[in-house]
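Residue-level structural notes
Okay, here's what each chain looks like letter by letter:
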Amino acid sequence: QVQLVESGGGLVQPGGSLRLSCAASGTIFSINTMGWYRQAPGKQRELVASITSSNSTNYAGSVKGRFTISMDNAKNTVYLQMNSLKPEDTAVYYCNARLRRSGWTSSRDYWGQGTQVTVSS
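Figured I'd write up the structure that's included with this text. Residues take numbers from 1 onward in each chain, read along the sequence in its written order. It should be noted that, the model being predicted, local features are given only for residues of pLDDT at least 70 and side-chain atom pairs only at 80 or more, the latter also being counted only at that level, while totals for whole chains, interfaces and linings use all residues. To get the side-chain values, take all heavy atoms of the structure and skip hydrogens and water.

Another point: the environment of asparagine 32. As for its position among the elements, asparagine 32 is in strand β4 (residues 28-39). In this structure the C-alpha to C-alpha distance between asparagine 32 and arginine 100, which are 68 residues apart in sequence, comes to 7.8 Å. Reaching out from asparagine 32, the side chain makes a polar contact with the side chain of serine 107 at a distance of 2.7 Å. Helix and strand definitions here come from DSSP, where helices need a minimum of 4 consecutive H or I residues and strands a minimum of 2 consecutive E residues; each element is numbered from the N-terminal end. Counting of polar contacts relies on pairs of N or O atoms within 3.5 Å, with two restrictions inside protein: one atom must be capable of donating a hydrogen and the other of accepting it, and residues adjacent in sequence are counted only when both atoms are side-chain atoms.

Dropping the structure here:
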C-alpha cells in the first residue's frame with residue numbers, strides 16, 4: 001500500500017502565502033517525481049509544479065516566480081511554497097507521486113485526496 005497525505009490548504013487573502021506538504025508512505029522502493037496539480041470548478045486538472053528525485057523542477061507559467069516546489073528525499077515529502085497568491089489560484093490541490101513499490105518492476109502514479117486552497121478577501 002502507498003498513501004499520499006496532504007496538508008496545509010486553507011483560506012488566504014490575495015497577496016498572502018500558504019505552504020502545502022505531501023508525505024508519501026508505504027512500501028516504496030523509489031520515487032521518480034513528485035508534484036502538485038490543481039483543479040478549479042469547471043476546469044480540467046492542471047500541473048502546477050513537479051520535481052524529480054534529482055531536484056529538477058518544472059512549473060506552470062502562471063505560477064513561475066511565485067511558487068516554489070521542494071522535496072525532502074529522506075522523508076518522501078514534497079512541499080509547495082505559494083507566495084503572492086491570487087484569486088485565480090483558488091482550486092483543489094492534489095499531490096502526485098510517480099514511484100516504484102518494493103518488489104515491483106515498474107513505476108506508476110499515485111494521488112493524494114486533495115486539499116482546498118481558497119484565495120479571497
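Attention now goes to the pairing of strand β5 (residues 46-52). A regular strand places its side chains on the two faces of the sheet in alternate fashion. The rule for pairing is simple: two strands pair if DSSP sees at least two bridges between them. Sheet topology places β4 next to β5; six bridges connect them, and they run antiparallel. Residue pairing in the sheet places tyrosine 37 in a bridge with leucine 47 of β5. Counting the residues between successive antiparallel strands, the hairpin from β4 to β5 contains six residues, one of them, glycine 42, with a positive phi of roughly 80°. Bridge analysis of β5 against strand β6 (residues 57-59) gives three bridges, and the strand direction is antiparallel. Bridging across to β6, serine 50 finds its partner in asparagine 58. Count of turn residues in the β5/β6 antiparallel hairpin: four residues, of which asparagine 55 carries a positive phi of about 70°.

Here we take up the nonpolar core. Here, nonpolar core refers to any group of buried Ala, Val, Leu, Ile, Met, Phe, Trp, Tyr and Cys residues whose side-chain atoms link them within 4.5 Å. Burial here depends on accessible area, computed with a 1.4 Å probe over protein chains only, as a share of the maximum for the residue type. Under 20% is buried, over 50% is exposed, and the range in between is partly exposed. Met34, Trp36, Leu80, Met82 and Tyr93 are the most contacted members of the largest nonpolar core, which totals 32 residues. For this core, the elements supplying multiple residues, two or more each, are β1 (2-7), β3 (18-26), β4, β5, β7 (67-72), β8 (77-82), β9 (91-101) and β11 (115-119). It is β9 that provides the largest number of residues to this core, a total of five residues. Contact between two residues is taken to exist if any of their heavy atoms lie within 4.5 Å; hydrogens are not considered. Excluding anything up to four places from it in sequence, methionine 34 contacts Cys22, Ala24, Ser50, Ile51, Ile69, Met71, Asn76, Thr77, Val78, Cys95, Asn96 and Ala97.

It is worth spelling out the pattern of salt bridges at this point. For this document, the term salt bridge refers to a Lys or Arg side-chain nitrogen within 4 Å of an Asp or Glu carboxyl oxygen. Enumeration over the complete set of coordinates arrives at four salt bridges. Note that aspartate 89 is salt-bridged to arginine 38, the shortest N-O span being 3.0 Å. You can see aspartate 89 sitting in the loop between β8 and β9 and its partner arginine 38 sitting in strand β4, a full 51 residues away along the chain. The pair formed by aspartate 89 and arginine 38 is uniform in burial state, with each residue classed as buried. Two residues, arginine 98 and aspartate 109, come together in a salt bridge whose shortest N-O distance is 2.8 Å. Residue arginine 98 is located in strand β9, and its partner aspartate 109 is located in strand β10 (residues 108-111); the two are separated by 11 residues in the primary sequence. Aspartate 109 sits in the partly exposed class, given a relative accessible area of 26%. The network of salt bridges with common partners includes Arg38, Glu46, Arg66 and Asp89.

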